[in-house]
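# Summary of the model geometry
Read off the chains here:
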Amino acid sequence: MQTLQVALNERSYPIFIGENLLTQVNCFKPYLTAKQIMIVSNSTIAPLYLERVQSTLLAQSYVVETHIMPDGEQYKDIAHIEGIFTTLLEKRFNRDCALVALGGGVVGDMTGFAAACYQRGVSFLQIPTTLLAQVDSSVGGKTGVNHPLGKNMIGAFKQPVAVLVDTSVLDTLNEREYAAGLAEVIKYGLIRDVPFLAWLEENIDGLVARDKVLLAEAIARSCQNKADVVAADELEANDLRALLNLGHTFGHAIETAMGYGVWLHGEAVATGMLMAADLSWRLGYLSIADVDRVKKLLVAAKLPVIPPSTISPTTFLDLMAVDKKVLAGKLRLVLLKSLGEAFVSADFPLATLAQTLAAGTQLGQAYD
Ligand code: NAD
Ligand code: GLY
C-alpha cells in the first residue's frame, strides 16, 4: 500500500492506494471517530462492495446504516441530496456522525455535499470506485450537484478525512468508464507534468490493458499531482486549481447539451481537452505536432475527440457562459502554453474560439 498526503494543515488527510483496502481496518478506524456511520452508495456498486465495507465497520462496533441511490449522473441533483438527509434524520443521526461515500464521482460529490450541509457539517470518508474518482474527484473536497442549467453549479468545499483507493474494485468497471478515468489521468500530464505525459505516451497500451503495475503508478502520480495543486490552492482562490479544469468548460457544455449521463464526464473532458489544444494552436501557443500528440494519446486511451455535431457554436457559447471560471461576465478558459504548462486566459478573440467550436470533425482530421 502507498500513502500520499493532502497537506492542508488541520484538514490534512491521507490517500491510501493499494489492493483490497475495503477490509483493512487501519484505513478506516483512525479516521472515523464517530460511532454512527452512514454508507452512501448506489444500486450498481452496493451489490458489489457494500457488504465488505459494512462488515469491516460492524466488526469495529460502529452503528452502520446505508443509503442507496439510483445510479446515474441524472440523479446528481438537489432532490437526491434531500433523500440522503431524510435517511439521516429517520435514522436519528447526530452531529457527530460520519458519512462514507462508496462509489464513483457522482456518489462522492453528493455524499460530500450532504456531509457539508447535514447539521451544518459532519465528517466524511471517500472510497472511490471508478478510475476517475480515484485519480480526481475523491481528492480535494469539491462536492456538489448539477442544476438543469449548469453542471456542478451547486456545491461546497468539504475535505474528506481520508481517501481509500482500492485498486482491485476497478476489475468490475466497464471499458467505457475506465477510459473516462484515463482522460483525467492524461489531464495531469498536459497541465503540469511533462515527464508523466511522456510516461503515459509510452505506457498507454499497457494502461488500456489494465496492467496492474502501470495502473498503480498512474493512479499514484495522478493523486500526487492533484494533492499538490489542492494543497497550494484549496479553494481555487487563484488560478492554480482552475488549471485542473483543462477541457472542462467545453466538456461541461457537451454534458449539459447532450443531457446528463449521455456523454460520460471523462469523455466530454477528453474532447474538451482537444478543443482547448486546438484553440491553443489557433492562438499560436501549440504547434500542430503538439495538438497531434494530444489527439493520439486520447485516441489510444479509447476516448472520443470529436464534439457532437448537434451542438452548434451558439449553443456551445451559451452553455460555456455558465461556468464557474466566468468572472465579471467574461469567459475564462484553461489553455496550453505548451504541453505540460497550462494557464487561464480571458484573452482570446471570440472569433478564434468560434473557429474551434465550429471545427467539429476537423479537430481530429486536420491533424491526421
Ligand atoms: P459515476 O460516479 O457515474 O460512475 C460511473 C459508473 O460506474 C456508474 O454507473 C457507477 O455505478 C459505476 N461504477 C462505479 N464504480 C464501479 C465499479 N467498481 N465497478 C462497476 N461499476 C462501477 O461517474 P464517475 O466518472 O466516477 O464520476 C463522474 C462525476 O464526477 C461527475 O459528476 C463529475 O462532475 C464528477 N467529478 C467531480 C470532481 C471533483 O473534483 N469533485 C472531479 C471530476 C469529476
Ligand atoms: N476536478 C477539478 C478540481 O478538483 O478542482
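The coordinates are above.
Only a predicted model underlies this, so the values are computations on that prediction, with no experimental measurement involved.

### Concerning the environment of Ile 154
Locating Ile 154 in the fold gives a position in strand β8 (residues 150-157). The partly exposed category is assigned to Ile 154, whose relative accessible area is 31%. In this structure, the C-alpha to C-alpha distance between Ile 154 and Leu 336, residues 182 residues apart in sequence, is 28 Å.

### Focus on the site of ligand 1
Taken together, 27 residues are adjacent to ligand 1, and Asp 71, Gly 105, Thr 129, Thr 130 and Thr 172 come closest. Measuring from an oxygen atom of ligand 1, one finds a side-chain N or O atom of Asp 71 at 2.7 Å. One of the backbone nitrogen or oxygen atoms of Gly 105 is found 2.7 Å away from an oxygen atom of ligand 1. If ligand 1 stood free it would expose 860 Å²; the protein chains cover 90% of that surface. For the shell around ligand 1, the elements supplying multiple residues, two or more each, are α2 (46-58), α4 (105-117), α5 (131-137), β8 and α6 (175-192). Among the residues making up the shell around ligand 1, the classes are represented as seven nonpolar, 10 polar and 10 charged.

### Some words on the site of ligand 2
In the vicinity of ligand 2, the residues found are Asp 136, Lys 142, Lys 226, Arg 241 and Leu 244. The contact in question runs from a nitrogen atom of ligand 2 to an N or O atom on the side chain of Asp 136, over 3.2 Å. Taking 190 Å² as the accessible area of ligand 2 by itself, protein coverage stands at 89%. Taken together, the residues of the shell around ligand 2 sort by class into one nonpolar, no polar and four charged.

### Observations concerning unusual backbone geometry
In this structure, Asn 20 is a non-glycine residue whose phi angle is positive, near 50 degrees. As for its placement among the helices and strands, Asn 20 is situated in the loop between β2 (13-18) and α1 (25-28). You will see that Arg 210, though not glycine, has its phi angle at about 60 degrees, which is positive. Along the chain, the position of Arg 210 falls in the loop between α7 (194-208) and α8 (212-232).

### Thoughts on the side chain of Ser 138
Secondary-structure assignment places Ser 138 in the loop between α5 and β7 (142-147). Here Ser 138 falls in the buried class, since its relative accessible area comes to 1%. Within polar-contact distance, the side chain of Ser 138 engages the backbone oxygen of Ala 133 at 2.7 Å. Not counting chain neighbours up to four residues away, the residues in contact with Ser 138 comprise Gln 126, Pro 128, Ala 133, Pro 160 and Val 163.

### Side note on the pairing of strand β4 (residues 63-69)
For strand β3 (residues 36-42) and β4, the ladder comprises seven bridges, and the chain directions are parallel. Counterpart to Ser 41 in the pairing with β4 is Ile 68. For the crossover from β3 across α2 to β4, the handedness is right-handed.

### A closer look at the layout of surface pockets
Empty space within the second largest pocket amounts to approximately 180 Å³. Elements represented by at least two residues in the lining of the second largest pocket include exactly β2 and α8. With three residues, α8 is the largest single contributor of residues to the lining of the second largest pocket. Here the residues of the lining of the second largest pocket sort into four nonpolar, three polar and four charged.

### Considering the packing of α6 against helix α11 (residues 265-282)
Where α6 meets α11, the closest approach of the two axes is 7 Å, and the angle between their N-to-C directions is 40 degrees. Classified by the angle their axes make, α6 and α11 are oblique. Seen along the crossing, α6 lies across α11 with a hand that is left-handed. Two secondary-structure elements touch here, α6 through Arg 176, Ala 180, Ala 183, Glu 184, Ile 186, Lys 187 and Leu 190 and α11 through His 265, Gly 266, Glu 267, Val 269, Ala 270 and Met 273. Broken down by class, the residue content of the contact of α6 with α11 amounts to seven nonpolar, two polar and four charged.

Conventions used here
Residues numbered from 1 in each chain as written. Chains lettered and ligands numbered in written order. Predicted model: local features only at pLDDT ≥ 70, side-chain atom pairs only at ≥ 80, totals over all residues. Heavy atoms only, no water. Helix = DSSP H or I, 4+ residues; strand = E, 2+ residues; numbered from the N terminus. Buried < 20%, exposed > 50% of the residue type's maximum accessible area, 1.4 Å probe, protein only. Near = heavy atom within 4 Å. Polar contact = N/O pair within 3.5 Å; in protein donor to acceptor, adjacent residues only side chain to side chain. Areas by Shrake-Rupley, 256 points an atom, 1.4 Å probe, with all protein chains shown as cover. Nonpolar A, V, L, I, M, F, W, Y, C, P; charged D, E, K, R; others polar. Contact = heavy atoms within 4.5 Å. Pairing = 2+ DSSP bridges. Right-handed = clockwise from strand over helix to strand, strands pointing away. 1 Å grid on protein atoms, 1.4 Å probe; cavity = no way out; pocket = protein on both sides within 12 Å on 5 of 7 lines; lining within 4 Å. Points joined across faces, edges and corners; volume = space filled by probe spheres on them. Axes fitted to C-alpha atoms, helices over the stretch in contact; angles between N-to-C directions. Parallel < 35°, antiparallel > 145°, perpendicular 65-115°, else oblique. Left-handed = near helix turned anticlockwise from the far one by under 90°.

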